[in-house]
Amino acid sequence: MGLLTRDIALDLGTAATRVYNAHGGVAVNEPSAVAVNTTTGRILAIGAEAGRMAGRTPAHVKVIRPLRAGNIDDFEVTGRMLHHLLLLAGHRNPGRTQAVVCAPSDTTGVGRRAVLEACRQVGVGRVRMLPKPVAAAVGAGLPVQEATGSLIVDVGAGTTEIAVLCLGGVVAARSVPVSGDVLDSAIRTHLRKRHQLDIGRHTAENLKTGLAEAEAEGRPLAVRGMDASSGMPVTLLLETRDVQAALRDPLDRIVAAVGDVLDRCPPELYRDILDQGVTLTGEGARLHGLDRLLQKATGTPVRIAAEPGTAAVRGAGRCAEERSLRSLLETAPDR
Ligand SMILES: Nc1ncnc2c1ncn2[C@@H]1O[C@H](COP(=O)(O)OP(=O)(O)OP(=O)(O)O)[C@@H](O)[C@H]1O
């Protein structure tokens, strides 16, 4: 039997927050975004609605992303967002709720206490932490408790978490601040330098996420921006390889970090990984060509997990539900 059905799993991500209801599945998957009226301090929208407002707000409205690299950056706004998202997930009075919370593997004690405090402030009864790569590996169905090595690469918006897992523990891991947000910035910098075109963060993200479809259809990517010197609106047609060139440097850094984790892996586990390959999770795993790039660099098969963006919260959810997985959980530190 699992725990009480009021148990939840939480993935407080840089781009998206996910809430999983034990024995119910993913109940909420919304952008980690809060729109605030900067004059009155009033919150105008949270989650998907705030996400839609980003990049289109009047001067007195700001869309805040309260998490940075998977850690709480704006404590008060995170608390308001969490309260709202727990309500959406059906937890009007979360007092008896126990939460399993995914945390980046390199989160400090301060970062952990911030998560703990935010959960307590919204009334969550008990909090246990789970390193995000472990959660993602469980969610992707990897045999993390067996005596075999598994390599997971979770590509989010703020961090890429790489870990080799065996017998329920982390054997080698790295968390690098190179992921979706950095790829978007690289596209913006490239377009400014190469085409004198200024574009916003969301336009850059759309170019990145549109790569696979444009390449499959053999067509260029249309982009609207402003001419960097005249400030006039301009539309350009970009070859997909032009956008891919912008991503080369940050992707090389991810590949190098994966190589570093593999180098630190004991030879027996290295052999397991060569056989079983690498599993990619996080929405960033969908980046066109990332699987092929890693396959070429590591010489191992690479697979993208099903529903990669919710792998971590589903894995944390399974740890809340299944007694056999509870040894993976860490008890949160006291205040
Ligand atoms: N098709 C796609 N191609 C490339 N990138 C994508 C695609 N779809 C989503 N992404 C990127 O995935 C990132 C979001 O991933 P995810 O939701 O896993 O992050 P997160 O869990 O919020 O972040 P973190 O784990 O860093 O805190 C964003 O940068 C987004 O642009």
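Model, not experiment: these values are computed from the prediction. (Residues numbered from 1 in each chain as written. Predicted model: local features only at pLDDT ≥ 70, side-chain atom pairs only at ≥ 80, totals over all residues.)

**Some words on the site of the ligand**
Around the ligand, 21 residues are found, and the nearest of them are Gly 13, Ala 15, Gly 156, Gly 180 and Glu 283. Contributing elements (two or more residues each) for the shell around the ligand: helix H5 (180-195) and helix H6 (201-209). Among the elements that line the shell around the ligand, the one with the most residues is H6, at three residues. When we break the shell around the ligand down by domain, the ones giving at least three residues each are domain 1 (8-135 + 311-331) and domain 2 (142-304). (Near = placed C-beta within 6 Å. Helix = DSSP H or I, 4+ residues; strand = E, 2+ residues; numbered from the N terminus. Domains from an automatic or database assignment.)

**Quick word on the packing of H5 against H6**
Contact geometry for H5 and H6: axes closest at 8 Å, N-to-C directions at 100°. Relative to H6, H5 is oriented roughly perpendicular. Taking contact as the criterion, the partners of Leu 183, Asp 184, Ile 187 and Arg 188 in H5 are, on H6, Arg 201, Ala 204, Glu 205, Leu 207 and Lys 208. When its residues are assigned to classes, the contact of H5 with H6 shows four nonpolar, no polar and five charged. (Axes fitted to C-alpha atoms, helices over the stretch in contact; angles between N-to-C directions. Parallel < 35°, antiparallel > 145°, perpendicular 65-115°, else oblique. Contact = placed C-beta atoms within 7 Å. Nonpolar A, V, L, I, M, F, W, Y, C, P; charged D, E, K, R; others polar.)

**A short note on the packing of H5 against helix H8 (residues 240-263)**
Running from N to C, H5 and H8 point in directions that differ by 125°, and their axes come no closer than 8 Å. Taken together, the axis directions place H5 and H8 in an arrangement best described as oblique. Seen from above, H5 lies across H8 with right-handed handedness. Where H5 approaches H8, its residues Val 182, Leu 183, Ala 186, Ile 187 and His 190 are matched on the opposing element by Val 243, Ala 245, Ala 246, Leu 247, Asp 249 and Pro 250. Looking at the contact of H5 with H8 residue by residue, the classes come out as nine nonpolar, one polar and one charged. (Left-handed = near helix turned anticlockwise from the far one by under 90°.)

**Thoughts on the domain arrangement of the protein chain**
As assigned here, the protein chain comprises domain 1 (8-135 + 311-331) and domain 2 (142-304). Just the C-alpha atoms count here: the centres of domain 1 and domain 2 sit 24 Å apart. Listed as interface residues are 19 residues of domain 1 and, on the opposing side, 21 residues of domain 2. When residues of the side of domain 1 that touches domain 2 are traced back to their parent elements, those giving at least two are helix H4 (132-139) and helix H11 (311-321). With three residues, the top contributor of residues to the side of domain 1 that touches domain 2 is H4. Its residues assigned to classes, the side of domain 1 that touches domain 2 shows ten nonpolar, six polar and three charged.

**Concerning the environment of Ser 175**
Following the sequence through the fold, Ser 175 ends up in strand E13 (residues 169-176). For Ser 175, a count of 22 C-beta atoms within 10 Å corresponds to the buried category. When the C-alpha atoms of Ser 175 and Val 153 are compared, they prove to be 9.6 Å apart, with 22 residues separating the residues in sequence. Setting aside residues no more than four positions away along its own chain, Ser 175 makes contact with Pro 104, Ser 105, Asp 106, Thr 159 and Glu 161. (Buried ≥ 20, exposed ≤ 12 C-beta atoms within 10 Å, placed from the backbone.)

**Quick word on the sheet that holds strand E15 (residues 221-227)**
Strands sit in the order E14-E15-E16 across an open sheet of three strands; the sheet is antiparallel. The strands lining the two open edges of the sheet, one partner per strand, are strand E14 (197-198) and strand E16 (233-238). Sheet analysis places E14 next to E15, joined by two bridges and oriented antiparallel. In the strand pairing of E15, Asp 198 is matched with Met 226. (Pairing = 2+ DSSP bridges.)

**Things to note about the sheet that holds strand E12 (residues 160-166)**
With mixed pairing, five strands are arranged side by side in an open sheet as E13-E12-E11-E17-E18. If you trace the sheet from one side to the other, it starts and ends with E13 and strand E18 (302-304), each paired once. Here the average twist between neighbouring strands, direction ignored, is 20°. Where strand E11 (residues 150-155) lies against strand E17 (residues 278-281), four bridges are found, and the strand directions are parallel. Bridged to Ile 152 within E17 is Thr 279. Its contacts with the sheet put H8 on E11, E12 and E13, and the angle it makes with E13 is roughly 155°.

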